[in-house]
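Structural overview
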Amino acid sequence: MDQTVTSGKGTVSAEVCSRIDQFYAMQMQALDDGDIAAWVDTFTDDGVFVSNGLPDPVEGRGALTELGGAAVARLDEKGAIRRHFVFNVIVEPAAGGVLRTTCYVPVFDTVDGVTTLTTSTVMRDELVGSEAGLLVRHRTVTRDDLLAKTGPGSAA
Amino acid sequence: MDQTVTSGKGTVSAEVCSRIDQFYAMQMQALDDGDIAAWVDTFTDDGVFVSNGLPDPVEGRGALTELGGAAVARLDEKGAIRRHFVFNVIVEPAAGGVLRTTCYVPVFDTVDGVTTLTTSTVMRDELVGSEAGLLVRHRTVTRDDLLAKTGPGSAA
Amino acid sequence: MDQTVTSGKGTVSAEVCSRIDQFYAMQMQALDDGDIAAWVDTFTDDGVFVSNGLPDPVEGRGALTELGGAAVARLDEKGAIRRHFVFNVIVEPAAGGVLRTTCYVPVFDTVDGVTTLTTSTVMRDELVGSEAGLLVRHRTVTRDDLLAKTGPGSAA
């Protein structure tokens, strides 16, 4: 159980997993602190951000800066403190040194002293290495609250 | 602090802890995706699942398949998307290569666009190694919402 | 990506990160189990606990025992089961072998079968090594619900 294998889900080394955990912790805290410049620096120059909460994919650091800035402005207007938690990170090595991850990211907002769960999301990333560390090349966010699941509950 | 010791709580190597984190991430995502065959494959043939939410222990892959299938059917009927988050994983090596874990697993459901915390649970596992990776030999789930804690609140 | 560097955020080894994760899991579960003696043993003799929910810093194991005991008594009176989840742990090595961490710690309470998010906090620690393992030398907890964020929401 102490050997590191190099392909398949959940088979990368502890060192790589730990680096990914740290990367996400820093990336999410930068975003939640409103430090959009630091957040954008965690993407590649041509990084893509796709979400079922957005009409179109957002591509490149300029567009990501606008996206992040608009989110911070909306939260400031509401007086909301937002926290993104990253969990259950599955890591899968792909061709060309890319690391594919699938994580759960619930989002909590505190407004006027009350903290509520805003949404639960699944985040799928393609991460690449760089001299500065890991970077997101492609991110797909799926918000559970925008998914239509067929059932009596949703049909009501 | 960089040495790995081999007994006592919290003393297994980073490699083993990382493997356990990945195992839980994959196991929970399989369950939440409704892939019961993949979920059942994370237990030993005679794996046992005990919960204070169930009348009796569930034992063996056949019974686990029924348990998982029934859970998926109930969620589908409600139109609910369920997410299990695994946190605060304590790992303790036991005799015969068994790894005992104690984790917190809150459960969130999204129905009709609204995500709510359904319950907070404590999960205690006995994990064993196999050629296919880790497997659950015995699991005990304790749902906080079913625990009676004596106090004015609960006595009301 | 498999090399371990020794300065800067997110650059400590997987072994150290894993040890910190295990430390927090054990520390929080001790607290949530009401085992205040075990919880206090995770601080240095002169450990300091600062919170924006407390009028003054709490210093030393005697005062920490009182703080923890009072918290347990309050929860028992309400019949509440409390869970502290630790996420998004950023680790940064500092002078003298100190490890600085910044984590998210949401707090969930279950009362009369209903689990609610009580508060979302950011925890900033200075951890030091000892023969018994890691210890908290200084902790600062910031509760989001007590932060005033200027905005139309909070100005209402």
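The paragraphs below set out a description of the structure included in this document. Keep in mind it's a predicted model, so treat the numbers as computed, not measured.

About the thresholds
Residues numbered from 1 in each chain as written. Chains lettered and ligands numbered in written order. Predicted model: local features only at pLDDT ≥ 70, side-chain atom pairs only at ≥ 80, totals over all residues. Heavy atoms only, no water. Phe/Tyr/Trp six-rings, centres within 6.5 Å; stacked < 30°, edge-to-face > 60°. Least-squares fit on C-alpha atoms with pLDDT ≥ 70 in both. Contact = heavy atoms within 4.5 Å. Helix = DSSP H or I, 4+ residues; strand = E, 2+ residues; numbered from the N terminus. Expected span 1.5 Å × (residues − 1). Buried < 20%, exposed > 50% of the residue type's maximum accessible area, 1.4 Å probe, protein only. Arc of directions from axis to C-beta. Core = buried A, V, L, I, M, F, W, Y, C linked by side-chain atoms within 4.5 Å. Buried area = accessible area lost by both parts, 1.4 Å probe. Salt bridge = Lys/Arg side-chain N within 4 Å of Asp/Glu carboxyl O. Polar contact = N/O pair within 3.5 Å; in protein donor to acceptor, adjacent residues only side chain to side chain. Nonpolar A, V, L, I, M, F, W, Y, C, P; charged D, E, K, R; others polar. Pairing = 2+ DSSP bridges.

Observations concerning the packing of aromatic side chains
Per the stated rule, a full pass over the model turns up 25 aromatic pairs over all chains. Chaining the aromatic ring pairs together yields one cluster made of Phe85, Phe87, Tyr104 and Phe108 of chain A, Phe85, Phe87, Tyr104 and Phe108 of chain B together with Phe85, Phe87, Tyr104 and Phe108 of chain C.

Digging into the relation of the copies chain B and chain A
Between chain B and chain A, which share one sequence, the superposing operator has a rotation angle of 120° and an axial displacement of 0.0 Å; the RMSD is 0.0 Å. The transformation just described matches what one would write down for a three-fold rotation axis. Among all residues of chain B, the minimum C-alpha distance to the rotation axis is found for Ala14 of chain B, at 3.5 Å. A low fraction, 12%, of the interface residues of chain B reappear at the interface in chain A, so the copies pair through non-equivalent surfaces.

Let's talk about helix H3 (residues 61-78) of chain C
Residues and elements named next belong to chain C. Given a rise of 1.5 Å per residue, 18 residues ought to cover 26 Å, and the 26 Å separating the end C-alpha atoms of H3 matches this to within 8%. Of all the positions in H3, only Leu64, Gly68 and Leu75 are classed as buried. Each buried residue of H3 lies within a common arc of 30° when the element is viewed along its axis, so the set occupies one face. Seen from the open side of H3, the exposed residues pointing more than 90 degrees away from its buried face are Glu66, Arg74 and Glu77. Of the surrounding secondary structure, the elements contacted by the buried residues of H3 are helix H2 (36-40), strand E1 (43-51), strand E2 (58-59), strand E3 (80-84) and strand E5 (99-111). Looking one or two places after H3, you find Gly79, whose phi comes out positive at around 70°.

A few points about the nonpolar core
Ranked by internal contacts, the top residues of the largest apolar core, which has 28 residues, are Ile20, Tyr24, Trp39, Leu99 and Leu127 of chain A. Elements represented by at least two residues in this core include exactly helix H1 (14-32), helix H2 (36-40), strand E1 (43-51), helix H3 (61-78), strand E4 (87-93), strand E5 (99-111), strand E6 (114-130) and strand E7 (133-143) of chain A. Grouped together as the second largest cluster of nonpolar side chains are 27 residues, Trp39, Phe49, Val89 and Cys103 of chain C included.

Considerations on the interface of chain B and chain A
Chain B puts 32 residues into the contact, and the matching count from chain A is 35 residues. Sorting the residues of chain B by area buried against chain A places Arg19, Gln22 and Gln29 of chain B first, and these three jointly supply 22% of that buried surface. Put simply, chain B and chain A have one salt bridge between them. Inspection of the region where chain B meets chain A yields 10 residue pairs in polar contact (both at pLDDT 80 or more). Among the secondary structure elements, those contributing two or more residues to the side of chain B that touches chain A are helix H1 (14-32), helix H3 (61-78), strand E3 (80-84), strand E5 (99-111) and strand E6 (114-130) of chain B. Of all the elements, H1 of chain B adds the most residues to the side of chain B that touches chain A, at 11 residues. Along the lines of polarity and charge, the residues of the side of chain B that touches chain A split into 14 nonpolar, 10 polar and eight charged.

Observations regarding the relation of the copies chain C and chain A
Mapping chain C onto chain A calls for a screw motion: a turn of 120° about the axis and a shift of 0.0 Å along it, with 0.0 Å RMSD after fitting. A share of only 11% of the interface residues of chain C reappears at the interface of chain A, consistent with the copies meeting through non-equivalent patches.

Describing the pairing of E4 of chain A
Residue and element names in this part refer to chain A. Among the seven residues of E4, five are classified as buried, and the element is accordingly described as predominantly covered. Across five bridges, E4 lies against E5 in antiparallel orientation. Looking at the pairing, Glu92 lines up with Arg100 of E5. Where E4 hands over to E5, the hairpin turn is made up of five residues, of which Gly96 adopts a positive phi near 70°.

Side note on the interface of chain C and chain A
Taken residue by residue, the interface counts 35 residues in chain C and 31 residues in chain A. Interface area for chain C against chain A, summed over the two sides, is near 2,800 Å², with a carbon-plus-sulfur share of 57%. Joining chain C to chain A, the criterion identifies one salt bridge. Where Arg83 of chain A meets Asp144 of chain C, a salt bridge forms, and the shortest distance between an N and an O atom there is 2.8 Å. Summed over the shared surface of chain C and chain A, the result is 10 residue pairs in polar contact (both at pLDDT 80 or more). Looking at the side of chain C that touches chain A, the elements that each hand over two or more residues are helix H1 (14-32), strand E4 (87-93), E5, strand E6 (114-130) and helix H4 (152-155) of chain C.

Overview of the side chain of Thr110 of chain C
Mapped onto the fold, Thr110 of chain C is located in strand E5. At 2.7 Å, the side chain of Thr110 of chain C and the side chain of Thr115 of chain C are in polar contact. Setting aside residues no more than four positions away along its own chain, Thr110 of chain C makes contact with Ser120, Asp144 and Asp145 of chain B together with Gly79, Ala80, Ile81 and Thr115 of chain C.

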